[in-house]
Amino acid sequence: MLDNSLDPFVQSLMGDSSGEPDLLRFITAGSVNDGKSTLIGRLLYETRAVYEDQLVSIQRSGMNRSTGPVDLSLLTDSLTAEREQGITIDVAYRYFATPRRKFIIADTPGHEQYTRNMATGASTAQAAVILIDATKGFLPQCRKHIYIASLLGIQDFVAAVNKMDLVGYSEQVFNDIARDFKSFCDLLGIRNACAIPVSALRGDNIIQASSRTKWFDGATLLEYLEDLPVLNSDYSKPLRFPVQYVNRHDSGCRVFSGQIAAGLMQRGEAVTAFPSEKRARIKSISTFDGETEYALPGSSITIMLDEDIDLDRGGLLAGEGYLPQCAAHVSAKLIWLDPQSCHPARPYVLKHTTRTVQARVSNTLQRIDMDTARNVPALSLQMNDVASVQIETSAPLVFDPYRQNRTMGGFILIDPIANTTVAAGMIEGGVKDRNVWHSTASRKKTTADGPKYTRIQIH
Amino acid sequence: MQSKTLSHLRQLEAESVFILREAAAEFCKPVMLYSIGKDSAVMLRLAQKAFYPGKIPFPLLHIDTHYKFPEMIQFRDWYAKQAGAELIVHTNERALSEGANPYALGTQKCCSLLKTRALLDALAEGGFDVAFGGARRDEENSRAKERVYSFRDGQGQWDPRNQRPELWNLFNGRHNPGENIRVFPLSNWTELDIWLYICAENIPLVPLYFAREREAVERAGSVVLMQRGMRLLPGERPEMIKCRMRSLGCVPCSAAIRSDADTVPKIIAEMLSFRKSEHGNIMDHDDEGALEMKRREGYF
Ligand SMILES: Nc1nc2c(ncn2[C@@H]2O[C@H](COP(=O)(O)OP(=O)(O)O)[C@@H](O)[C@H]2O)c(=O)[nH]1
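Residues numbered from 1 in each chain as written. Chains lettered and ligands numbered in written order. Predicted model: local features only at pLDDT ≥ 70, side-chain atom pairs only at ≥ 80, totals over all residues. Heavy atoms only, no water.

## Looking at the packing of helix 5 (residues 140-151) of chain A against helix 6 (residues 171-187) of chain A
All names here are of chain A. As a packed pair, helix 5 and helix 6 sit with axes 11 Å apart at the nearest point and diverge in direction by 35 degrees. Judged by the sense of rotation from one axis to the other, the crossing of helix 5 with helix 6 is right-handed. Along its contact with helix 5, which presents R143, I146 and Y147, the element helix 6 presents F181, F184 and C185. Across the contact of helix 5 with helix 6, the residue classes break down as five nonpolar, no polar and one charged. (Axes fitted to C-alpha atoms, helices over the stretch in contact; angles between N-to-C directions. Helix = DSSP H or I, 4+ residues; strand = E, 2+ residues; numbered from the N terminus. Left-handed = near helix turned anticlockwise from the far one by under 90°. Contact = heavy atoms within 4.5 Å. Nonpolar A, V, L, I, M, F, W, Y, C, P; charged D, E, K, R; others polar.)

## Re the sheet that holds strand 1 (residues 30-33) of chain B
Residues and elements named next belong to chain B. Here we have six strands laid out as an open sheet, ordered 3-2-1-4-6-5, and mixed in their pairing. Across the chains shown, the open sheet's two edge strands, defined by having one partner strand only, are strand 3 (87-90) and strand 5 (149-152). Taken over all neighbouring pairs, the strand axes of this sheet differ in orientation by 30 degrees on average, direction set aside. By the bridge criterion, three bridges tie strand 1 to strand 4 (residues 130-132) in an arrangement that is parallel. Bridging across to strand 4, M32 finds its partner in F132. Packing against the sheet, helix 1 (residues 8-26) makes contact with strand 1, strand 4, strand 5 and strand 6 (180-183), and its axis sits at approximately 160 degrees to strand 4. Sheet strands in contact with helix 2 (residues 38-51) are strand 1, strand 2 (60-63) and strand 4, and its direction is about 145 degrees off that of strand 1. (Pairing = 2+ DSSP bridges.)

## Some remarks on a negative patch on the surface
Residues and elements named next belong to chain A. A cluster of acidic residues, D306, E307, D308 and D310, forms a negative patch on the protein surface. Position of D308 among the secondary structure elements: in the loop between strand 15 (300-305) and strand 16 (316-319). In this structure D308 comes out as exposed when scored by relative accessible area, which is 72%. (Patch = residues over 30% accessible without salt bridge, like charges linked within 9 Å, V, L, I, M, F, W, Y side chains within 5 Å. Areas by Shrake-Rupley, 256 points an atom, 1.4 Å probe, with all protein chains shown as cover. Salt bridge = Lys/Arg side-chain N within 4 Å of Asp/Glu carboxyl O. Lys, Arg positive; Asp, Glu negative; His and termini not counted. Charge placed at Lys NZ, Arg CZ, Asp CG, Glu CD. Buried < 20%, exposed > 50% of the residue type's maximum accessible area, 1.4 Å probe, protein only.)

## Re unusual backbone geometry
In the segment running from A:F274 into A:P275, the intervening peptide bond is cis, with an omega of 5 degrees. On the secondary structure map, A:P275 appears in the loop between strand 11 (270-274) and strand 12 (279-287). Along the chain, B:Y52 connects to B:P53 via a cis peptide bond; the corresponding omega equals 5 degrees. Considering the arrangement of structural elements, one finds B:P53 in the loop between helix 2 and strand 2. Even without being a glycine, A:K163 presents a positive backbone phi close to 65 degrees. On the secondary structure map, A:K163 appears in the loop between strand 5 (156-162) and helix 6. Classification of A:K163 as partly exposed rests on a relative accessible area of 22%. Of note, B:H66 is a non-glycine position whose phi angle comes to about 70 degrees, a positive value. Tracing the sequence through the fold places B:H66 in the loop between strand 2 and helix 3 (70-82).

## Things to note about the site of the ligand
All names here are of chain A. Near the ligand lie 15 residues; those nearest to it are N33, K36, S37, T38 and D165. Contacts to the ligand include D165, whose side-chain N or O atom sits 2.7 Å from a nitrogen atom. A distance of 3.0 Å separates an oxygen atom of the ligand from a polar atom in the side chain of S199. Here the ligand, which alone exposes 580 Å², has 76% of that area covered by the protein. Per-element tally for the shell around the ligand: the top contributor is helix 2 (residues 36-59), with three residues. Its residues placed into classes, the shell around the ligand shows four nonpolar, seven polar and four charged. (Near = heavy atom within 4 Å. Polar contact = N/O pair within 3.5 Å; in protein donor to acceptor, adjacent residues only side chain to side chain.)

## Some details on the confidence of the model for chain B
Residue and element names in this part refer to chain B. Averaged over all residues, the pLDDT of chain B equals 85, while 88% of them reach at least 70. The secondary-structure element of chain B with the lowest mean pLDDT is helix 9 (residues 292-297), recorded at 42, while strand 1 shows the highest, at 98. Per-residue pLDDT stays below 50 along residues 276-297; that stretch engages in 56 contacts with residues further than four places along the chain or on separate chains. (pLDDT = per-residue confidence, 0-100.)

## Quick notes on the packing of aromatic side chains
All names here are of chain A. For the structure shown, the criterion picks out 21 aromatic pairs over all chains. An angle of 80 degrees between the planes, with centres 6.4 Å apart, marks the rings of F26 and F96 as edge-to-face. Remark: F96 occurs in strand 2 (residues 92-97) and F26 occurs in strand 1 (residues 22-29); sequence separation between them is 70 residues. Using a relative accessible area of 5% as the deciding quantity, one classes F96 as buried. Ring centres 5.6 Å apart and planes at 40 degrees place the aromatic pair F174 and W215 in the tilted group. (Phe/Tyr/Trp six-rings, centres within 6.5 Å; stacked < 30°, edge-to-face > 60°.)

## A look at the pattern of salt bridges
Enumeration according to the criterion identifies 45 salt bridges over all chains in this entry. With a closest N to O distance of 2.7 Å, A:R101 and A:D22 form a salt bridge. With A:R101 in strand 3 (residues 101-108) and A:D22 in strand 1, this pair connects stretches of sequence that are 79 residues apart. Like A:D22, A:R101 is buried. The salt bridge involving B:R136 is made with B:D138; its shortest N-O contact spans 2.4 Å. Take B:R136 and B:D138: they sit in the same class, and that class is buried. When salt bridges with common partners are traced through the structure, they connect A:D289, B:R10, B:E13, B:R45, B:K49 and B:E201 into a single cluster.

## Considering the pairing of strand 16 of chain A
Note on strand geometry: in a regular strand, side chains alternate between the two faces of the sheet. Residue and element names in this part refer to chain A. Residues L316 and A318 point to one face of strand 16 and L317 and G319 to the other, with burial holding for every one of them. One ladder, built from three bridges, connects strand 7 (residues 240-242) with strand 16; its direction is antiparallel. Each residue of the ladder has a partner; that of P242, found in strand 16, is L316. Across four bridges, the pairing between strand 11 and strand 16 is antiparallel. Directly across from F274, in strand 16, lies its bridge partner L316.

## Some words on the sheet that holds strand 2 of chain A
Residues and elements named next belong to chain A. Taking strand neighbours across the sheet as the criterion, the six strands line up as 2-3-1-4-5-6 in an open arrangement whose pairing is mixed. Unpaired on one side and paired on the other, strand 2 and strand 6 (192-197) mark the two borders of the sheet. Going from strand to strand, the sheet's axes swing by 25 degrees on average, the running direction of each strand aside. Note that strand 4 (residues 127-133) and strand 5 share seven bridges and pair parallel. Paired with V129 across the strands is V158, a residue of strand 5.

## Things to note about the environment of B:K266
Residues and elements named next belong to chain B. Of note, K266 is situated in helix 8 (residues 264-277). For the pair formed by K266 and A211, sequence separation is 55 residues and the distance between their alpha carbons is 9.8 Å. Looking at K266, its side chain comes within polar contact range of the side chain of D262, at 3.0 Å.

## Some remarks on the nonpolar core
Across soluble globular proteins, you tend to see nonpolar side chains buried next to one another. Residue and element names in this part refer to chain A. Judged by nonpolar contacts, the single largest core of 150 residues is most densely connected at F26, L152 and F157. Once you skip the residues sitting within four places of it in the chain, F26 turns out to touch L43, F96, F103, I104, I105, A106, A125, A127, V129 and L225. With 24 residues, the next largest nonpolar core counts W336, C342, V357 and V389 among its residues. (Core = buried A, V, L, I, M, F, W, Y, C linked by side-chain atoms within 4.5 Å.)

## Section: the side chain of A:D415
Residue and element names in this part refer to chain A. Tracing the backbone through its elements, the reader meets D415 in the loop between strand 23 (410-414) and strand 24 (421-430). Judged by its relative accessible area of 3%, D415 is buried. Of the polar contacts made by the side chain of D415, one reaches the backbone nitrogen of I417; its length is 2.7 Å. Those residues within four positions of D415 in sequence are excluded, and the remaining contacts are Q340, R346, Y348, T420 and V422.

Right under this line is the structure:
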């Protein structure tokens, strides 16, 4: 019953061949009524129709392909119904696939609590689809959405300039919005920004190029999403392997499990363990399916070291090249997520990689005013505030700046009494503090992409 | 080196393994809800992978209503042993001895006693602070917002207003004594992913999933398998029908479908074609949709 080893149909779905389908996560952000539900509904509906028809037709023929008229926005549930029930407007995850890729959409509603929701959705997303209503233009709200997504590390932005049908598919209207959008993205140092004129309602340039926008020769939204190179494929970076779970092998050896946060892991590779800073080599990389010579970034694996060194859950293995920083006092961007405001004097629990420590938010808070993008001094932080802060921890964190690696630079704060997740943080760097820190000049390492990082070490 | 990125199935796998390890590391007493179905089968395989070369460091919990197909129970015992996992079977004996059955109580009430109540009791009895469940976000629209770590109040119920934001892969499992958490390692898997993974990994399934000739009657458009204790309605005559189950449940409340799909690839093809043929209603999820109401009470 399970003998399907060579079925080409299934092989193509699983991607055993070279044209392997991969996974792209993106967020969608827009203000109410910009057409986000309609757009997502169309993506889900049309890709399902296209993809699955195509799949099914490989094995079956003559099936009925006709579909009745469908209200696309029904595919995603209605916000009004939720509001009536008093349910928190929240991030919803949706799924679709094409033969080339599986997509996970973090659908983040763009109103009251948009900062909290967008931050949550953006934290795991690579790309952002920003809805812009062509009849309204590039509004301040759009800027905020882009700002938050870029704060969370998104570098690939596509503006879906929607409701083009209502502006007579005007090239001029589109060009004006696209120009404003791109120059704002430039301002934030965003790597990749593009705009597409669409009508979610009519389906223009969502899946197929529209004949009503002949003046536009760019990719459709789906083409853009399918062609975007996926991140985390960068295995040229030095290895980062946060230890998640320690087991004992039959032989009595300790084995270390975790998910590779950066780089390629190779058998025989020399690694430095943190916080002990002992060195060892990767003796074996094992998975349920057997031993391997190397493991790609993102893999969950189990390894053995050639030496019995001090290493536990919360520890880290780092590869050759530049080493992570190590500090108990860091500067970070903080997004406050909780209805209870932030009190600098309060102790919080901080979770970073697989490690949990005590933390305190320093007294000097700089709230970022999202209308002006300026820092303003603040005494406390309210829900949805974004701030520049300093964090002190009970033990040094071993990290890379968030902009280099999200796993190595992201953390959450937890209220130790209510147990709620109250903030999300992104480490910018270690803070030198004469009383506690000194920098070891001899340990300067050069990164692959240029800048020098000083590893700061506690006495 | 063949490829630079993990394929989508391998990435889902790696993330699920991460979740399993994370919860196993941070909670005192985990348990895995094992329902014998295809999602449970995938979750169990992921647990084997997560803790390899060690054993799965928590027991499996099956809530047995005593109305399951005998093939399911046989398979359960065999598979748990194969996977080297400890198996706990819990039944609401009191309700059974008081005669709980779906004919007398109706499906919903019966489920509430034999599944939901039984589950909450078993979790409390075992002192489990976290239970892994095989639910997916794509199962129904209201699940799209479910967290990977889902908090349950003292009654085991899910309060959509009181869930923690989940950023990156930093899960917050802190809880007070008495509270428990459901962890859903398969949150980001779709039904198609599940079947593709079963295929890729050659994961054994209960034979009821595969089409073959079975003794059955056709009743109100569905195929009802002849099982012990099954009563025929006037005029019904059992015949051999090539059929299979799309989801596994209790004998009295489960129906099979006519099907020729006797291999995983054929099931995948058939599943995809169902979605389209269902009266043009693209919102229909064709599997286990009936379990929706049980989640609210705490079954999921
Ligand atoms: N004319 C036109 N109307 C649209 C388009 N996209 C969405 N709408 C309409 O705009 C309204 C709001 O759309 P909806 O998808 O619910 O917006 P959301 O609040 O962003 O999710 C609905 O009446 C849609 O039918 C479009 O491309 N053109």
